[in-house]
Amino acid sequence: MTVIARRLAGHLARGIAMVLVVATISFFIIRNIPGDPIAARYQKLVEQGMSPEAAERATAVMYGFLPSGTLWEQYVDYMGGLFRFDLGVSVTNPGTPVTTVLGEAAKWTVLPVLTGTLLSFLLGVTMGVYAAIKRSGVLGDLLAISGSLLHGVPQYVLALLMGAIFTTLIPVLPPGGTADILFEPGFNAGYIGSLIEHATLPVVTYALAGYGGWILAMKSSVVTVLGDDFILAAELRGMKRSIIFRYIMRNAILPLFTILAISLGLLFGGAIFIEKIFNYPGLGFLLIESVTNRDYALMGGAFLIITVAIVVANILADLFYTVIDPRVRSGAEAAA
Amino acid sequence: MSSAILETGGTTAAMRRDFWRGVWRVMRRKPSRLAGAVILLGFAFMGVFGPMFHPEPLPRDPDEIYAPMSAEHWFGTDGQGRDVLAQVVTGSRYVLLSALVTAVITVVLGTAIGLFSGFKRGRWDTVLMRLTDMKLTIPGLPLLLVLSTVWSFGSAVEMGLVLGLLGWGTVARAVRAQTLSLRERGFIEAVRGLGLPTTHIVGRELLPSMAPYIAMSMLITVTGAVYAQVGLFFLGVLPYEADNWGVMLNLSVFGGGALTTTAALPYMLAPLLAILLLTLGIVLVVDAMDEIFNPRLREE
């Protein structure tokens, strides 16, 4: 147990360092905004008759950023704000704290990303086993080629092609948004149906984008396991095929769980294209909107939360692997 | 003395001839690989000479806005009545130039850092690899988006520079791993025993052994760079460049409504097809290179 605790501590330290680096990048970017809107805002408030102190406080609330002072003072103030979960106020949504806006958007990212990823994981892993077992046949070749193709193509190409097929050529699905405005948001059949209808394209695109990677990873993992002696031994003992199949699955799928956890973290950042194309108001959409509208407080917050997702996913992946694979656990304990 | 030099010269020439014969054999066995090489040459030709065949700026035709596909306009026209195919051709120069800059910077930086880290080991190695890990964890696309607010890296060279400086992590990791394993091999030990300087060991022994891998990762970097820069322009966070694949995608989807009406669809599909074709060419060539340089894959 102490081994796991020590690993966790190391991961946490590295994760916090990561978050600090990203926050520092955001800080310097906000400080170097062309045209300096923060100072401009401060000047304007002073000209409107506010006392310099009141104007400074108002600006600081607005941007989560001190308009004057030395570099160090500004930095300490900015970082202090982060530790109080105070990321400033969004300019495009007047009066709403950035944390509230982020929370609202996270809702629209987490569920579709999770559904899409799990869907592609299940599908890719199953197909990967077939691709490995039938690797010398036509079916295996086809599966492997489909995997390489989908894995190699960037997400926006997939999303645009899906959109072109299902909203332009055969308009069966809505081109964007989260639900029809006709329906009252709430727990009623019409609204939920509309939600599902609107989520279909983003979810299916996430699934397609992930599928290729899973099928390739599972195929190579199964091929490795197939060469192991215990599979040969099981076959020689005349075990049922279904039992041997279970042996293969349980051993081959282990390394994939780690990739699953990491990819869940990455998808928070990778969802930018899909959310922008299908006009889906998640975190990626928020980031791109805040960049276009030059809403710096919101931009810094979105960048930070995407990084935190990746850091957390990395830690979870490592811990999960330690718990799930007895070989890693006992190996670590033996080494300690 | 002089005859010995002549003799070694003769064998290297023979080896070179054998190499090209091997390349030809690999290409001929799977014609798809030849197709890959042809596609890449075609793109290179398009990037270098393509823009010369079209006037700058492209002619506008107010009577032919979002014209459908026809013999005159293979992929129709855009919202200003300009020929779409001509835009793909003139835009290819930007795409290929910036991808080339990215690939060169990525590979040079990645190889240098990986070699140094793996060869020196010790404290420098730890520091550099921590840095690489950190770089690999920071989400790349969000970082590019955030960066675009303070620096509009729109020109081809700037774009290549930014993507290259952000992208060397993977190559550095792989080169370091290979250096670590190669430096323990017998032939390196023999060279060290002969008392040859480090520059010789690195330049004449280590680098040539890794050259195939480096060449392949350079081609793979090109695809990544094309995706990234087209994506950035598509998202519309950079100032518009005239005739750019990403800008075409942006205007067709968010301006022409290609995801709701069919009128702007060819305008959107043309750059997508160009990207897919370029990817296909690179994948096929990498596959061929893999077989040329990897003796285990070679089927005699």
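Small disclaimer: the values here were computed from a predicted structure and weren't measured. (Residues numbered from 1 in each chain as written. Chains lettered and ligands numbered in written order. Predicted model: local features only at pLDDT ≥ 70, side-chain atom pairs only at ≥ 80, totals over all residues. Heavy atoms only, no water.)

Examining the pattern of salt bridges
In step 1: Applying the stated rule across the entire model yields six salt bridges over all chains.
In step 2: Residue Lys276(A) pairs with Glu289(A) through a salt bridge whose shortest N-O separation is 3.7 Å. Placement of the pair is Lys276(A) in helix 11 (residues 254–277) and Glu289(A) in helix 12 (residues 283–292), with a sequence separation of 13 residues.
In step 3: Among the salt bridges present, the one from Arg176(B) reaches Asp125(B), with a minimum N-O distance of 2.7 Å. A residue pair is termed long-range when its members are at least 10 positions apart, and Arg176(B) in helix 7 (residues 169–182) and Asp125(B) in helix 4 (residues 122–137) qualify at 51 residues.
In step 4: Judged by relative accessible area, Arg176(B) falls into the buried class, the value being 17%.
In step 5: Exposure remark for Asp125(B): the relative accessible area of 10% places this residue in the buried category.
In step 6: Here the salt bridges share partners, and the residues they tie into one network are Arg121(B), Arg183(B) and Glu184(B). (Salt bridge = Lys/Arg side-chain N within 4 Å of Asp/Glu carboxyl O. Helix = DSSP H or I, 4+ residues; strand = E, 2+ residues; numbered from the N terminus. Buried < 20%, exposed > 50% of the residue type's maximum accessible area, 1.4 Å probe, protein only.)

Digging into the domain arrangement of chain A
All names here are of chain A.
In step 1: Taken domain by domain, chain A consists of domain 1 (1–101 + 296–336) and domain 2 (109–280).
In step 2: Contacts between the two partners involve eleven residues from domain 1, matched on the other side by eleven residues from domain 2.
In step 3: Both sides of the domain 1 and domain 2 interface together cover about 950 Å² of buried area, and 78% of this is carbon and sulfur.
In step 4: Interface area lost by domain 1 to domain 2 is led by Ile 306, Ala 317 and Tyr 321, which between them contribute 37%. (Domains from an automatic or database assignment. Contact = heavy atoms within 4.5 Å. Buried area = accessible area lost by both parts, 1.4 Å probe.)

So, the nonpolar core
In step 1: Counting 110 residues, the largest nonpolar core has Tyr156(A), Leu160(A), Leu145(B), Phe234(B), Trp245(B) and Met268(B) as its most contacted members.
In step 2: Residue-level mapping places this core at the junction of two domains, with at least three residues from each of domain 1 (1–101 + 296–336) and domain 2 (109–280) of chain A.
In step 3: Formed by 16 residues, the second largest nonpolar core is a distinct cluster that contains Val125(A), Val129(A), Trp214(A) and Leu260(A). (Core = buried A, V, L, I, M, F, W, Y, C linked by side-chain atoms within 4.5 Å.)

Looking at the packing of helix 1 (residues 2–31) of chain A against helix 4 (residues 71–83) of chain A
All names here are of chain A.
In step 1: Between helix 1 and helix 4, the shortest axis-to-axis distance is 11 Å and the interhelical angle comes to 130 degrees. Our classification of the angle between helix 1 and helix 4 gives oblique. Of the two elements, helix 1 crosses helix 4, and the hand of that crossing is right-handed. Here helix 1 contributes Leu 20, Ala 23, Thr 24, Ser 26, Phe 27, Phe 28, Ile 30 and Arg 31 to the contact with helix 4, which in turn contributes Leu 71, Gln 74, Tyr 75, Tyr 78, Met 79, Leu 82 and Phe 83.
In step 2: Of the residues in the contact of helix 1 with helix 4, the class split is eleven nonpolar, three polar and one charged. (Axes fitted to C-alpha atoms, helices over the stretch in contact; angles between N-to-C directions. Parallel < 35°, antiparallel > 145°, perpendicular 65-115°, else oblique. Left-handed = near helix turned anticlockwise from the far one by under 90°. Nonpolar A, V, L, I, M, F, W, Y, C, P; charged D, E, K, R; others polar.)

A short note on the UniProt feature "transmembrane region" (unreviewed entry) in chain B
Residue and element names in this part refer to chain B.
In step 1: The UniProt feature table records "transmembrane region" (unreviewed entry) at residues 34–53, 94–116, 136–153, 213–238 and 258–286.
In step 2: Structurally, residues 136–153 is divided into 56% helix and 0% strand, and its ends, taken at the C-alpha atoms, are 21 Å apart.
In step 3: Regarding residues 213–238, the helix share stands at 88% and the strand share at 0%, and the terminal C-alpha atoms are separated by 33 Å. (UniProt positions renumbered as here; feature names shortened; annotations may be inferred.)

Topic: the interface of chain B and chain A
In step 1: Facing 35 residues of chain B, the contacting portion of chain A comprises 39 residues.
In step 2: Contact between chain B and chain A buries roughly 3300 Å² in total, counting both sides, with carbon and sulfur atoms accounting for 84%.
In step 3: Our count for the contact surface shared by chain B and chain A stands at three residue pairs in polar contact (both at pLDDT 80 or more).
In step 4: Of all the secondary structure elements, the ones that give two or more residues to the side of chain B that touches chain A are helix 4, helix 5 (140–147), helix 9 (198–235), helix 10 (245–255) and helix 11 (265–293) of chain B.
In step 5: Tallied by class, residues from the side of chain B that touches chain A come to 27 nonpolar, seven polar and one charged. (Polar contact = N/O pair within 3.5 Å; in protein donor to acceptor, adjacent residues only side chain to side chain.)

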